[in-house]
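Inside the fold
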Protein chains: 2
Amino acid sequence: MHIPFKISVDHPEPLYHQIKTQLKEFIVSGYLPPDTQLPSLRKLAKQLECSVITIRRVYDDLEQEGLLSSKQGKGTFVNPELTVEREEYTYDTIKTALDNVIAQCIRMNLSKDETSRIFNEVLAHHFDH
Amino acid sequence: MHIPFKISVDHPEPLYHQIKTQLKEFIVSGYLPPDTQLPSLRKLAKQLECSVITIRRVYDDLEQEGLLSSKQGKGTFVNPELTVEREEYTYDTIKTALDNVIAQCIRMNLSKDETSRIFNEVLAHHFDH
DNA sequence: GATAGTGTGTATATAAACATACACACTTTG
DNA sequence: CAAAGTGTGTATGTTTATATACACACTATC
């Protein structure tokens, strides 16, 4: 299957971290429900144009955190017994991200109204098409 | 002088990049106007609890980009001849940041209304106190 | 003029991120 | 059953980020 990752090598954040964060979001949101089979290490590495080790790091980390379950010869699945506080995780994640952006706006002397204007512009662009 | 950097070692982004980005924002916004003297390498390294090399990298990079001007024995200053398209830079920077957060919201299946609600909550918290 | 403080040049070292490669054990497919 | 595909173990190597250290040239202060 193809997962719509949005990865950038120009991003200052390490690749493995970008992939891990997004994969986690797909899982927690329910986009990838429990028992869903993920692409193999080699397939995802190829899709995202990176090495198998990088993907392996992501899958290992998320297995440690209980989100994934891997079996040799079979593949890697979203943990069937996964239970997450979806709303809490979602809220905390987005709140933290917005906190950082708004701190950025303040550093750049952007007014509250300007901030809202840009936000609503970007929001409309993402949702109304 | 003391600059209100917001740096986190837990952040997945390299230190030098966090510092560079924020310093650039302070300059472009006018918070640090042209001809302002910045803290010395050693002072800022001490303030931010990192090595001189890291700060040097930031100052060197921003000097390459024309935002800073360094002179041996004197110090580092915001380039007196700095001209930036403040509004364009500000808009592009914030738009990109919000683009990424809203992509995150979509990955997590957050609705448009929920997204707006959290945004306005965080915005109020930053501006109304 | 001596001292303190400034940036600049340079070196060594460690840790993290990532690539490439090989081999093995296990499972699935034809 | 052989081949293809899966995760697991392991190794080597390169690049990036960062730390620590030293020395030098220049400027400012007392």
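Residues numbered from 1 in each chain as written. Chains lettered and ligands numbered in written order. Predicted model: local features only at pLDDT ≥ 70, side-chain atom pairs only at ≥ 80, totals over all residues.

**With respect to the nonpolar core**
The tendency in soluble globular proteins is for nonpolar side chains to be buried as a group. Ranked by size, the top nonpolar core spans 45 residues in total, and within it L98 and V101 of chain A together with I27, L98 and V101 of chain B carry the most contacts. Broken down by secondary-structure element, the contributors of at least two residues to this core are α1 (15-29), α3 (52-64), α4 (86-107) and α5 (112-127) of chain A together with α1 (15-29), α3 (52-64), α4 (86-107) and α5 (112-127) of chain B. The contacts of L98 of chain B, once residues within four sequence positions are left out, are V101, I118, F119 and V122 of chain A. (Core = buried A, V, L, I, M, F, W, Y, C linked by C-beta atoms within 7 Å. Buried ≥ 20, exposed ≤ 12 C-beta atoms within 10 Å, placed from the backbone. Helix = DSSP H or I, 4+ residues; strand = E, 2+ residues; numbered from the N terminus. Contact = placed C-beta atoms within 7 Å.)

**Considering the protein's contact with DNA strand C**
Taken together, 22 residues lie around DNA strand C, and L15, Y16, S51 and G73 of chain A together with S40 of chain B are the ones closest in. Elements supplying a minimum of two residues to the surface near DNA strand C: α1 and α3 of chain A together with α2 (41-47), α3 and β2 (75-78) of chain B. Classifying every residue of the surface near DNA strand C gives eight nonpolar, ten polar and four charged. (Near = placed C-beta within 6 Å. Nonpolar A, V, L, I, M, F, W, Y, C, P; charged D, E, K, R; others polar.)

**Some details on α3 of chain A**
All names here are of chain A. Relative to the 18 Å expected for 13 residues at 1.5 Å per residue, α3 spans 18 Å between its end C-alpha atoms, a close match to the ideal helical length. Of all the residues in α3, the buried ones are I55, V58, Y59 and L62. Along the axis of α3, the buried positions cluster into a sector of 90 degrees, meaning they face one direction only. The exposed residues of α3 that point more than 90 degrees off its buried face are I53 and Q64. (Expected span 1.5 Å × (residues − 1). Arc of directions from axis to C-beta.)

**What about the domain arrangement of chain A?**
If you check the domain split of chain A, you get domain 1 (15-78) and domain 2 (86-127). Computed from C-alpha atoms alone, the centre-to-centre distance between domain 1 of chain A and domain 2 of chain A is 28 Å. (Domains from an automatic or database assignment.)

**Concerning the interface of chain B and chain A**
With 39 residues of chain B at the interface, the matching set in chain A holds 39 residues. If you list the elements that add at least two residues to the side of chain B that touches chain A, you get α1, α4 and α5 of chain B. Element by element, the count of residues in the side of chain B that touches chain A is highest for α4 of chain B, at 15 residues. Of the residues assigned to the side of chain B that touches chain A, the class counts are 21 nonpolar, eleven polar and seven charged.

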